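# Survey of secondary and tertiary structure
Here are the chains, one letter per residue:
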Amino acid sequence: VQLQASGGGLVQAGGSLRLSCEASGSISDINIMGWYRQAPGKQRELVALIGSLGTANYADSVKGRFTISRDNAKNTVYLQLNSLKPEDTAVYYCTFKNLVNGKVDDYWGPGTLVTVSS
């Protein structure tokens, strides 16, 4: 599975961005797509995940501000980032968890930088 993400950039605090990530390759019907992020000097952390049936989970720090969605026909996951804060500055990594024969295979995109200026 290959992942191609886009949509990062520089935005002022309070602004919005939309990230996209398209998966291609051998994709199982049962999968989870989502986003993690890693700020400078910090560990990678979960932002949001969404299952193939649409169930979503969010980190507490982004609840109410970020929205994850997916288009299964396009194998694409989206992350709408609203009310951005400087502490949201990080490299955002798309992730894809493929469930095949009871086994989970994890795949990661190359990352897209989001910079929020104060």
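Within every chain, residues take consecutive numbers counted from 1 along the sequence as written. Two thresholds apply to this predicted model, a pLDDT of at least 70 for residue-level local features and 80 or more for giving and counting side-chain atom pairs, whereas whole-chain, interface and lining totals are computed over all residues. Side-chain numbers here rest on the full set of heavy atoms in the structure, without hydrogens or water.

## Quick word on the side chain of Lys97
Where helices and strands are cited, they refer to DSSP runs of H or I of at least four residues and of E of at least two residues respectively, numbered from the N terminus. In this structure, Lys97 sits in strand β9 (residues 90-100). Given the relative accessible area of 14%, Lys97 is considered buried. Here a polar contact is recorded for every N or O atom pair within 3.5 Å, except that within protein the pair must consist of a potential hydrogen donor and a potential acceptor, and residues adjacent in sequence are included only if both atoms are side-chain atoms. Polar contacts involving the side chain of Lys97 include one to the side chain of Asp106, which spans 3.0 Å. A contact between two residues is defined here by any heavy atoms of the two lying within 4.5 Å. Among all residues touching Lys97, those that are not within four sequence positions of it are Ile30, Asn31, Ile32, Tyr36, Val104, Asp105 and Asp106. Each residue's exposure class comes from its accessible area (1.4 Å probe, protein chains only) as a fraction of the maximum for that residue type: buried when under 20%, exposed when over 50%, partly exposed otherwise.

## Looking at the state of the cysteines
In this description, the term disulfide denotes a pair of cysteine sulfurs within 2.5 Å. Evaluated as defined, the whole model comprises one disulfide. Linked covalently through their sulfurs, Cys21 and Cys94 form a disulfide whose S-S length is 2.0 Å. Its S-S torsion of approximately -85° makes the covalent link between Cys21 and Cys94 left-handed. Linking Cys21 in strand β3 (residues 17-24) with Cys94 in strand β9, this pair joins segments that are 73 residues apart in sequence.

## A few points about the side chain of Ser52
Considering the arrangement of structural elements, one finds Ser52 in the loop between β5 (45-51) and β6 (56-58). Classification of Ser52 by relative accessible area gives buried; the value is 15%.

## Section: the pairing of β3
Two strands are said to pair when DSSP picks up at least two bridges between them. Strand direction decides the pairing type here: strand β1 (residues 2-6) and β3, joined by five bridges, are antiparallel. Paired with Ala5 across the two strands is Cys21, which belongs to β3. Pairing of β3 with strand β8 (residues 76-81), which is carried by six bridges, proceeds in the antiparallel orientation. In the strand pairing of β8, Ser20 is matched with Tyr78.

## Structural notes on the sheet that holds β1
With antiparallel pairing, four strands are arranged side by side in an open sheet as β1-β3-β8-β7. Looking at the sheet topology across the chains shown, the edges are occupied by β1 and β7 (66-71). With direction set aside, neighbouring strand axes in the sheet form an average angle of 15°. Note on method: axes are straight lines fitted to C-alpha atoms, helices fitted across the in-contact stretch only, with angles between N-to-C directions ranging 0 to 180 degrees.

## Looking at a nonpolar patch on the surface
Side chains of Ile30, Leu99 and Val104 sit close together on the surface and give an oily, nonpolar patch of about 250 Å² of accessible area. Structurally, the position occupied by Leu99 is in strand β9. Take Leu99: its relative accessible area is 32%, and that puts it in the partly exposed class. Every patch collects residues that have over 30% relative accessible area and no salt bridge, joining them within 9 Å if they carry like charges and within 5 Å if they are nonpolar side chains (Val, Leu, Ile, Met, Phe, Trp, Tyr). Surface accessibility in these figures is a Shrake-Rupley result with a 1.4 Å probe; residues are shielded only by whichever protein chains are displayed. For this document, the term salt bridge refers to a Lys or Arg side-chain nitrogen within 4 Å of an Asp or Glu carboxyl oxygen.

## A few points about the environment of Ser83
As for its position among the elements, Ser83 is in the loop between β8 and β9. A relative accessible area of 41% places Ser83 in the partly exposed class. In sequence terms Ser83 and Gly14 are 69 residues apart; their C-alpha atoms lie 4.2 Å from each other.

## Structural notes on the pattern of salt bridges
Summed over all chains, the structure comprises six salt bridges. Ionic pairing is found between Lys63 and Asp60, a salt bridge with its closest N-O pair at 3.1 Å. Exposure remark for Asp60: the relative accessible area of 65% places this residue in the exposed category. Across the pair Asp106 and Lys97 runs a salt bridge, and its minimum N-O distance is 3.0 Å. Given the relative accessible area of 43%, Asp106 is considered partly exposed.

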